[in-house]
Structure formats: C-alpha cells, structure tokens
Amino acid sequence: MRTLAEPRPLRPTDSTVTLPISVIIPVRNEARNLPRCLESLRGVGEVYVVDSNSSDETAAIARSFDATVVQFTYRGGWPKKRQWAMDTLPITYDWILLLDADEALTPQLKQEMRWALQDPNFDGYYVALQMFFLGRALRHIEVS
C-alpha cells in the first residue's frame, strides 16, 4: 500500500488526484444509480466497482467512468463482498471509503475528507448519512 504522500492516479491519463483514497462500491444491477455515484467521485485516487454478475449495463457504466470493475460471486459464508474486496483487491491508498451505488459525495464532504487526510490525528472518519425520500430530507423514521 502506498502512503498518502505518494498517491498514484487511477489511470495514467489522470493528472491530479484531489482526494487520495480508494473507493469500493459493491453492486448488482445498479445501472440506474451508478452514474450519479461515480460522477461524485471525480478526483478520487481509485474506484473499484465490485459487481455480482449484473444483467444490466452496470459494468459498462462503471468502465465508462474509468472505474475498475471486478466480478464477485457470493458462495455463502464469509467473507462477503465488501470484506472480500478489502482483503483481495490491490488497494493503493491507506484510506478506503465503502460506498453504495445510491450514495454520492457532496463537495462539502470531499473537502472535510481532504482536511481529515492532512491531519495526523485522524486514523478514521465516520460519515453520517442523510436520507432523502421524494426529494425531501428525512428527519426521523417512525417504526410501528
């Protein structure tokens, strides 16, 4: 694994990595959600889309954003997709973000992550989710 001082671009054509992290996105048939997610990741060091044999255009969409697509077939037991990806993939950066295809990074979150990466007092980062339904932020969820 490389240190943060030695970031390696995802593709040779990338001239700048503004957020030196590795992102893992587990997917299956996420063609509808994936473009928004991947668009929000422009500037990150590397993106792995771990696909479970999608039957839609998920893999092609991921490749169109220069993400690395890796196929994963779950055979039951351990490890599951995310852990398998962290244990198996040639991760470049010390910091890893696990993201679902229906999630996206905001510019504000990317900036906070840049600050955290520069602060030697941080060795992890917790991201609180903000849920939306029909275009409105959910404030609480009632469970019956």
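Refer to the structure presented above.
Let us look at the structure shown here. (Residues numbered from 1 in each chain as written. Predicted model: local features only at pLDDT ≥ 70, side-chain atom pairs only at ≥ 80, totals over all residues. Heavy atoms only, no water.)

**Re the overall build of the chain**
When its secondary structure is counted, the chain shows four helices and six strands. Ordered by position in the sequence, the α and β elements of the chain form the string β-α-β-α-β-α-β-α-β-β. Counting over 144 residues, the chain shows a buried share of 35%. A fraction of 65% describes how many contacts in the chain between residues 6 or more apart in sequence connect residues 24 or more apart. Summing over all exposed atoms, the chain offers an accessible surface of approximately 9,600 Å²; the carbon and sulfur share of this is 51%. (Helix = DSSP H or I, 4+ residues; strand = E, 2+ residues; numbered from the N terminus. Buried < 20%, exposed > 50% of the residue type's maximum accessible area, 1.4 Å probe, protein only. Contact = heavy atoms within 4.5 Å. Areas by Shrake-Rupley, 256 points an atom, 1.4 Å probe, with all protein chains shown as cover.)

**Quick word on the pattern of salt bridges**
Within this structure, the stated rule accounts for two salt bridges. Ionic pairing is found between Glu 39 and Arg 42, a salt bridge with its closest N-O pair at 3.2 Å. Residue Glu 39 is classed as partly exposed on the basis of its relative accessible area of 43%. Between Arg 82 and Asp 100 there is a salt bridge, and its shortest N-O distance comes to 2.4 Å. With Arg 82 in helix H3 (residues 81-88) and Asp 100 in the loop between strand E4 (96-98) and helix H4 (107-118), this pair connects stretches of sequence that are 18 residues apart. (Salt bridge = Lys/Arg side-chain N within 4 Å of Asp/Glu carboxyl O.)

**Section: the environment of Leu 117**
Tracing the sequence through the fold places Leu 117 in helix H4. According to the relative accessible area criterion, Leu 117 is buried, its value standing at 13%. Sequence-wise, Leu 117 and Ile 21 are 96 residues apart; in three dimensions their C-alpha atoms are separated by 9.0 Å.

**What to know about H3**
Of all the residues in H3, the buried ones are Lys 81, Trp 84 and Ala 85. Seen end-on, H3 carries its buried residues on one side only, within an arc spanning 100°. The secondary structure elements touched by the buried residues of H3 are strand E1 (19-27), strand E2 (44-51) and strand E3 (68-71). (Arc of directions from axis to C-beta.)

**Regarding the side chain of Lys 81**
Secondary-structure assignment places Lys 81 in helix H3. Although buried, Lys 81 forms no salt bridge, and the nearest oppositely charged side chain, Asp 51, lies 5.8 Å from it. In terms of polar contacts, Lys 81 uses its side chain to reach the backbone carbonyl oxygen of Val 27, at 2.9 Å. For Lys 81, the side chain forms a polar contact with the side chain of Ser 52, separated by 2.6 Å. Those residues in contact with Lys 81, other than ones at most four positions away along the chain, are Pro 26, Val 27, Val 50, Asp 51, Ser 52 and Phe 72. (Lys, Arg positive; Asp, Glu negative; His and termini not counted. Polar contact = N/O pair within 3.5 Å; in protein donor to acceptor, adjacent residues only side chain to side chain.)

**Considerations on the nonpolar core**
Counting 26 residues, the largest nonpolar core has Ile 25 and Leu 41 as its most contacted members. Among the elements that take part in this core, E1 stands out by supplying five residues, more than any other. Look past the residues within four positions of Ile 25 in its chain and what remains in contact with it is Leu 34, Cys 37, Leu 38, Leu 41, Val 47, Tyr 48, Val 49, Val 50, Leu 99, Asp 100 and Ala 101. By size, the runner-up hydrophobic cluster in this structure holds nine residues, among which are Ile 24, Val 70, Phe 72 and Trp 84. (Core = buried A, V, L, I, M, F, W, Y, C linked by side-chain atoms within 4.5 Å.)

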